[in-house]
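Structural features, examined
Next come the chains, spelled out residue by residue.
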Amino acid sequence: MIAYYIITAFLFVLAAWNFVREKERRQDLLLYLLVMVPLLLRLLRWK
Amino acid sequence: MIRDTVEKSALAAAVLGLVVWGGLPLVRHRHFDVPIVKGPGVTAVHRLSEFSPGLKGTLADTNVYVLEGREPGGKALLIGNTHSNEPEGMLAVIIFLENAVVEKGTLYVIPFFNNSGSRNTRAGDGYPLYFDVATDWGAQRFRFGNRDASPLDQWPDPDVYIHYPERQLLSYIDVRNTNRTWPGRANGPLMERVTFGAMELMRRESIDVAIDTHGAETMFPVTNCIVAPDKSVKIATLASLTVKAAEGFENHVEPSPVGFRGLSHREIGDYGPALPFLLEAPIPFLDQPTGPKTTKLLLDGKDPFLLSLSKKKKLFVPYDEGGWPLEKRVGQHLSVILEIFRQFTKKTADRPIVVRGVPRYADVVKTGVGHYLADPSKAPAGGVVMN
């Protein structure tokens, strides 16, 4: 179970890092945000 | 740099707003409780976690109602909402809870067996979150759930579900399906703990008959039937023949396959003392080639695409302009359950199960399901249990 949370955190950081670095393509920014939503909810254990 | 930050913050805020807007109805649905009025026969209300402590404090825990008879006799377990998108079973057992008077024997009733599933939905399929049943005193609202438990309660899913204890490989999604996780184990995934709780109840209370109520697609061959293993097939056959002769509706018997594990009609009998029966009523809402998945379709079962397929003989049940309404589905379940009790009592005279006050098929078709649902606002103090 802990491994799944570590994988979730890793993917969240990856998406967040790409969101911060992206400077031009707004479409990609939106996609990064959408990808981050379920990962963040899972990490915060919000139900 | 500042412009970039402002733009990204605005975008993040917009997405957050959309998430809250889309998420709030789901949060409300997850925490919406259904009131059940304790009928004249209800003598106690327990929690399934009393039989499976691993459920305590989770949304998979659920109420177990006891209707102890005036005289001792046999014992039966009635289960509804094993699949929470098949509400005819849940409504049939609620009608038992609110109306039945047990003369001989004891009934144990679990109306929301997969409680987590009933608080889940299938958004991608456009499922409604609720449905209303018209009653004599207004409309009663019920949660419309999903076949499987919510991933909020049981996560993560495996790549393949390895059934316990038979080790058969099943689809990953079936780890959240309480009709694949029988007989369960005390420390397994949450849904195995649910089925383990029911098995423990049956073992401790020496249950004789276990009836799991479902709905199935009209295009699926195992529909409009009683599924029974060898040990229950005699009673199932007699019940099927009797309801056809006396009440005029078809409900054939399907054998429980020995090689398909995890199902209630298989494992309850193999791992416990009870005689299992699984009842299937046809529910057009679940068929794939229908119009929109509306509450109207759920309630009246009328769909033009199914009607067209029926004319081409592609369905496994008779289907005409009348559809397959909720009244017929619930009525069938009620009559078949009562008939199973009658046949069991005839066969096992020293453990009779005699129930009165429960309507049969013709009554429900004539007056509607809602006629047999009690008004929570008129119940005496302490007479309503939230589910």
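Residues numbered from 1 in each chain as written. Chains lettered and ligands numbered in written order. Predicted model: local features only at pLDDT ≥ 70, side-chain atom pairs only at ≥ 80, totals over all residues.

What follows deals with the confidence of the model for chain B. On average, residues of chain B carry a pLDDT of 96, and 100% of them reach 70 or more. The ipTM, which scores confidence in the relative placement of chains, is 0.87 for this predicted complex, and the corresponding pTM is 0.94. (pLDDT = per-residue confidence, 0-100.)

The subject of this paragraph is helix α2 (residues 26-44) of chain A. For α2(A), built from 19 residues, the straight-helix expectation of 27 Å at 1.5 Å per residue is met to within 8% by its first-to-last C-alpha distance of 26 Å. Roughly 30° is the biggest bend found in α2(A), and it falls at A:Val37, with proline A:Pro38 one to four residues downstream. Buried within α2(A) we find A:Leu29, A:Tyr32, A:Leu33, A:Met36 and A:Arg42. On the buried face of α2(A), the contacting elements are α1 (2-21) of chain A together with α1 (2-30) of chain B. (Helix = DSSP H or I, 4+ residues; strand = E, 2+ residues; numbered from the N terminus. Expected span 1.5 Å × (residues − 1). Bend = angle between axes of the 7 residues up to and from the residue. Buried ≥ 20, exposed ≤ 12 C-beta atoms within 10 Å, placed from the backbone. Contact = placed C-beta atoms within 7 Å.)

Buried accessible area, meaning the area lost when the parts come together, often serves as the stated size of an interface. Residues and elements named next belong to chain B. Examined at the domain level, chain B breaks down into domain 1 (1-31) and domain 2 (36-386). Taken together, the contact pairs 4 residues of domain 1 with 4 residues of domain 2. Among the residues forming the side of domain 1 that touches domain 2, the class breakdown is 2 nonpolar, 1 polar and 1 charged. (Domains from an automatic or database assignment. Nonpolar A, V, L, I, M, F, W, Y, C, P; charged D, E, K, R; others polar.)

Following B:Trp155, the chain continues to B:Pro156 via a peptide bond in cis, the omega torsion being -5°. The topology assignment puts B:Pro156 in the loop between β7 (138-143) and β8 (160-162). Cis geometry is adopted by the peptide bond preceding B:Pro165, which originates at B:Tyr164 and carries an omega value of 5°. Assignment of secondary structure puts B:Pro165 in the loop between β8 and β9 (169-171). For A:Arg45, which is not glycine, the phi dihedral falls at a positive 60°. As for its placement among the helices and strands, A:Arg45 is situated in the segment after α2. In this structure A:Arg45 comes out as exposed when scored by C-beta crowding, with 8 C-beta atoms within 10 Å.

With that settled, the discussion passes to the environment of B:Arg204. Following the sequence through the fold, B:Arg204 ends up in helix α4 (residues 190-205). As a C-alpha pair, B:Arg204 and B:Phe51 span 153 residues in sequence and 8.8 Å in three-dimensional space.

Our focus in this paragraph is the nonpolar core. Where a protein is soluble and globular, its nonpolar side chains tend to be buried together. All names here are of chain B. Core analysis: the biggest nonpolar cluster contains 90 residues, and Leu77, Leu78, Phe96, Val109, Val209, Ile211 and Ile340 have the highest contact counts within it. Broken down by element, the residue count for this core peaks at 9 residues, all from helix α9 (residues 326-347). If we ignore the near neighbours within four places in the chain, the residues touching isoleucine 211 are Ala76, Leu78, Ile79, Phe277, Leu279, Ile337 and Ile340. By size, the runner-up hydrophobic cluster in this structure holds 5 residues, among which are Leu306, Leu315, Tyr319 and Trp324. (Core = buried A, V, L, I, M, F, W, Y, C linked by C-beta atoms within 7 Å.)

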